[in-house]
Structures are given as structure tokens and as C-alpha cells.
Amino acid sequence: MKALVIGGSGFIGSRLIPALADRGHEVKNFDRVESPLVTTTLGEVTDTDAVAGAAAGHDIIINLAAAHRDDVRPVSLYDTVNVDGARSVVAAAERASIDRILHEHGRRVRPRQG
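Throughout, residues of each chain are indexed from 1 in the direction in which the sequence is written. Residues qualify for local features only when their pLDDT is at least 70, as the model is predicted, and side-chain atom pairs are given and counted only at 80 or more; totals for whole chains, interfaces and linings, by contrast, use all residues. Just so you know, side-chain values use all the structure's heavy atoms and leave hydrogens and water out.

Asks: Tell me what's going on with the packing of aromatic side chains, and back it up with residues and numbers.
Replies: Only centres within 6.5 Å qualify two rings of Phe, Tyr or Trp (six-membered ring in Trp) as a pair; their planes then separate them into stacked at under 30 degrees, edge-to-face at over 60, and tilted for everything else. Per the stated rule, a full pass over the model turns up zero aromatic pairs. Here, a charge over a ring is recorded when the distance from Lys NZ or Arg CZ to the ring centre is within 6 Å and its angle to the ring normal is within 35 degrees. Sitting over the ring of phenylalanine 11, arginine 15 keeps its end group 3.9 Å from the ring centre.

Asks: Give a detailed account of the side chain of serine 35, specifying residues and quantitative values.
Replies: Locating serine 35 in the fold gives a position in the loop between strand 2 (26-31) and strand 3 (40-42). Exposure categories follow from relative accessible area, calculated using a 1.4 Å probe and restricted to protein chains: below 20% of the type maximum is buried, above 50% is exposed, and the middle band is partly exposed. Relative accessible area serves as the criterion here: at 7%, serine 35 is assigned to the buried category. In protein, a polar contact requires one atom able to donate a hydrogen and another able to accept it; more generally it is a pair of N or O atoms within 3.5 Å, and residues adjacent in sequence count only if both atoms are side-chain atoms. Among the polar contacts made by the side chain of serine 35, one reaches the main-chain amide nitrogen of leucine 37 at a distance of 3.1 Å. The criterion used for residue contact is that any of the two residues' heavy atoms lie within 4.5 Å. Residue contacts for serine 35: discarding those within four places in its chain leaves Ser9, Asn29 and Thr40. Numbered from the N terminus, helices here are DSSP runs of H or I no shorter than four residues, and strands are runs of E no shorter than two.

Asks: Which residues make up unusual backbone geometry, and what values go with them?
Replies: The backbone of serine 97 shows a phi angle near 55 degrees, a positive value even though the residue is not glycine. Its place among the elements puts serine 97 in the loop between helix 3 (77-95) and strand 5 (101-103). A residue is classified by how much of its surface remains accessible, and serine 97, at 68% relative accessible area, is exposed.

Asks: Tell me what's going on with the nonpolar core, and back it up with residues and numbers.
Replies: Here, the term nonpolar core denotes a set of buried Ala, Val, Leu, Ile, Met, Phe, Trp, Tyr and Cys residues that are joined through side-chain atoms within 4.5 Å. If you look at the biggest cluster of nonpolar residues, it comprises 15 residues, and the most contacted ones within it are Leu4, Ile6, Phe30, Ala55, Ile61 and Ile98. Mapped by element, the contributors of at least two residues to this core are strand 1 (2-6), helix 2 (48-55) and helix 3. Setting aside anything within four residues of it in sequence, one finds phenylalanine 30 in contact with Leu4, Val5, Ile6, Gly7, Gly8, Thr41, Gly43, Glu44, Val45, Ala50, Val51 and Ala54. The next biggest cluster of nonpolar side chains, apart from the first, holds nine residues, and it includes Ala3, Ile17, Val27 and Ile60.

Asks: Describe in detail the environment of glycine 57, supporting the description with residues and values.
Replies: With respect to the helices and strands, glycine 57 occurs in the loop between helix 2 and strand 4 (60-63). A relative accessible area of 48% places glycine 57 in the partly exposed class. Distance from glycine 57 to serine 97, taken between C-alpha atoms, is 8.7 Å for residues 40 residues apart in sequence.

Asks: Summarise helix 1 (residues 13-22); cite the residues concerned and give the values.
Replies: Within the sequence span of helix 1, burial applies to Gly13, Ile17 and Leu20. Buried positions in helix 1, seen along its axis, are confined to an arc of 70 degrees and lie on one side of it. Where helix 1 is buried, its residues contact strand 1, strand 2 and strand 4. Taken from the residues just after helix 1, glycine 24 is the one with a positive phi, measuring 90 degrees. Taken from the helix axis, the directions to the C-beta atoms give the arc we talk about.

Asks: Requested: an account of the pairing of strand 1, with residues and values cited.
Replies: The side chains of a regular strand alternate, first on one face of the sheet and then on the other. Counting buried residues along strand 1, four of its five residues qualify, which places the element largely inside the surrounding structure. We treat two strands as partners when DSSP finds at least two bridges between them. Sheet topology note: the strand 1/strand 2 ladder contains five bridges and is parallel. The residue of strand 2 that forms the bridge with valine 5 is asparagine 29. Looking down the strands as they point away from you, a crossover is right-handed if its path from the first strand over the helix to the second goes clockwise. Of the crossover connections in this fold, the one passing from strand 1 over helix 1 to the parallel strand 2 is right-handed. As judged from the four bridges shared by strand 1 and strand 4, these two strands associate in the parallel manner. Within strand 4, the residue paired with valine 5 across the bridge is isoleucine 62.

Below is the structure:
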């Protein structure tokens, strides 16, 4: 299986990527931060074109991207990353003809402001 892990440079991704690779899967990362574990395409989860480009040729997208810390500023970033980012991943998967998405979200969810 060819997997694109979005947000693979973080806590969960840095454990998931080696586990997938150890099981024989081909894994690439899409993140704002380079990963020392695997080839990384740098970009923002909200950039549908960039996500679709990185996802081309993969069988699954695993979305780990999330804004989840208590000190995220501006607070609207929660919505931008967590909601708009998830929409971007779905749109990118459709463009890249990928019919499998695994979406993991952090333990905290913030209500919409306003």
C-alpha cells in the first residue's frame, strides 16, 4: 500500500510512519515540518492543490494534521486547520482518485468562535 501521511512529523506520525514502513508499506509525509524518517513534501493541509499533488499515486491518505494545543493563536486557527484542512484532504483525495482516507483527530476539539 502507498500511504500519504499528512502531519506525519508530529507525535503520532513519527510513530506511525515507521510502523507502516516495517509492514512493507510505501510511506511519504506531507507536513509543515520536515521528517527525518521519510520523504516529506512541505506544505499546508489547507492547500488542496498541494495536498492533491502530494497524494497522486497513493492508495490512502492518513490525515493527522491538527491544531490542538491550548495556546494556538489566533483561535480561528483551530477551524482553519481542523475543519478547512479536513475539507481540503477530502477534495484532494477526490482529485487524486483516492477512495480511502483515515482521519485522526486530537483529543481536544474547540467550538466555533462567534
